[in-house]
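Topology and contacts: notes
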Amino acid sequence: MLSLAKNTNLLVMFLLELGVLASVGYWGFTVGQSLLVKLLLGLGAPALFIAVWAIFGAANGATIPLTGAARVLLEVLWFGGGAAALVMAGRLTPGIVFAAVYVVNAVLRLVWNQ
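The protein chain has the name DUF2568 domain-containing protein in an unreviewed UniProt entry, where Streptosporangium brasiliense is given as its organism.

Have a look at this one:
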């Protein structure tokens, strides 16, 4: 049963990663004034987040994998950025829920040494 919970927690982590990209893209498409700005922000912001995650955070393929406090800082900025993007796009409740799910997921990963 614990194995199922651990695997589910890893799935939630992956879904949160996708959620960050969706949140940042949503933010970009909602804050821009013109179509060009909306496209630049809506596509560029997720691209930037993808690049940062690929370089420093990807579980099995990071170019420069971070550990310890640096990893914690990366995650807080990455997932906090997703939550903040929702809030800045006027979606306060989803932003708060996103942040809360991340905190629970992070605590469980720490407890379960994932």
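Next comes the rest of the description.
Looking only at helices and strands, one finds 4 helices and 0 strands in the protein chain. Going from N to C terminus, the protein chain has its helices and strands arranged as α-α-α-α. Computed over the C-alpha atoms, the radius of gyration of the protein chain is 15 Å, within 12% of the 13 Å expected from 2.2 N^0.38 for a compact globule of 114 residues. Seen through its principal axes, the protein chain has C-alpha atoms that stretch 50 × 35 × 20 Å. Expressed as a percentage of its 114 residues, the buried residues of the protein chain come to 29%. Residue pairs at least 24 apart in sequence account for 55% of intrachain contacts in the protein chain once pairs closer than 6 positions are excluded.

Before going further, it helps to examine the packing of aromatic side chains. Under the defined criterion, the tally for this structure stands at 5 aromatic pairs. Where Phe79 meets Tyr102, the ring centres are 4.6 Å apart and the plane angle is 15 degrees; that geometry is what we call stacked. Here Tyr102 lies in helix H4 (residues 92–111) and Phe79 lies in helix H3 (residues 68–88), a separation of 23 residues in the sequence. Side by side, Phe79 and Tyr102 carry an identical accessibility label, which is buried. Here the aromatic cluster, defined as three or more aromatic residues joined through ring pairs, consists of Phe49, Trp53, Trp78, Phe79 and Tyr102.

A separate point is the UniProt feature "transmembrane region" (unreviewed entry) in the protein chain. Under the UniProt annotation, the feature "transmembrane region" (unreviewed entry) is placed at residues 12–29, 35–56, 68–89 and 95–112. For residues 68–89, helix accounts for 95% and strand for 0%, while the C-alpha atoms at its two ends are 32 Å apart. Taken as a whole, residues 95–112 contains 94% helix and 0% strand, while its terminal C-alpha atoms sit 26 Å from one another.

So, on to the packing of helix H1 (residues 2–31) against H4. Relative orientation of the contacting elements H1 and H4 amounts to 145 degrees, with a least axis distance of 10 Å. Between H1 and H4 the crossing geometry is left-handed. From H1, Asn9, Val12, Met13, Leu16, Gly19 and Val20 reach across to H4, where they touch Phe98, Val101, Tyr102, Asn105, Leu108 and Arg109. Along the lines of polarity and charge, the residues of the contact of H1 with H4 split into 8 nonpolar, 3 polar and 1 charged.

Within the element layout of this structure, Asn105 appears in helix H4. A distance of 2.8 Å separates the side chain of Asn105 from the backbone oxygen of Asn9, its partner in a polar contact. Setting aside chain neighbours within four positions, we find Asn105 in contact with Asn9, Val12, Met13 and Leu16.

Parameters and conventions
- Residues numbered from 1 in each chain as written.
- Predicted model: local features only at pLDDT ≥ 70, side-chain atom pairs only at ≥ 80, totals over all residues.
- Heavy atoms only, no water.
- Helix = DSSP H or I, 4+ residues; strand = E, 2+ residues; numbered from the N terminus.
- Rg over C-alpha atoms; globule rule 2.2 N^0.38 Å.
- Buried < 20%, exposed > 50% of the residue type's maximum accessible area, 1.4 Å probe, protein only.
- Contact = heavy atoms within 4.5 Å.
- Phe/Tyr/Trp six-rings, centres within 6.5 Å; stacked < 30°, edge-to-face > 60°.
- UniProt positions renumbered as here; feature names shortened; annotations may be inferred.
- Axes fitted to C-alpha atoms, helices over the stretch in contact; angles between N-to-C directions.
- Left-handed = near helix turned anticlockwise from the far one by under 90°.
- Nonpolar A, V, L, I, M, F, W, Y, C, P; charged D, E, K, R; others polar.
- Polar contact = N/O pair within 3.5 Å; in protein donor to acceptor, adjacent residues only side chain to side chain.

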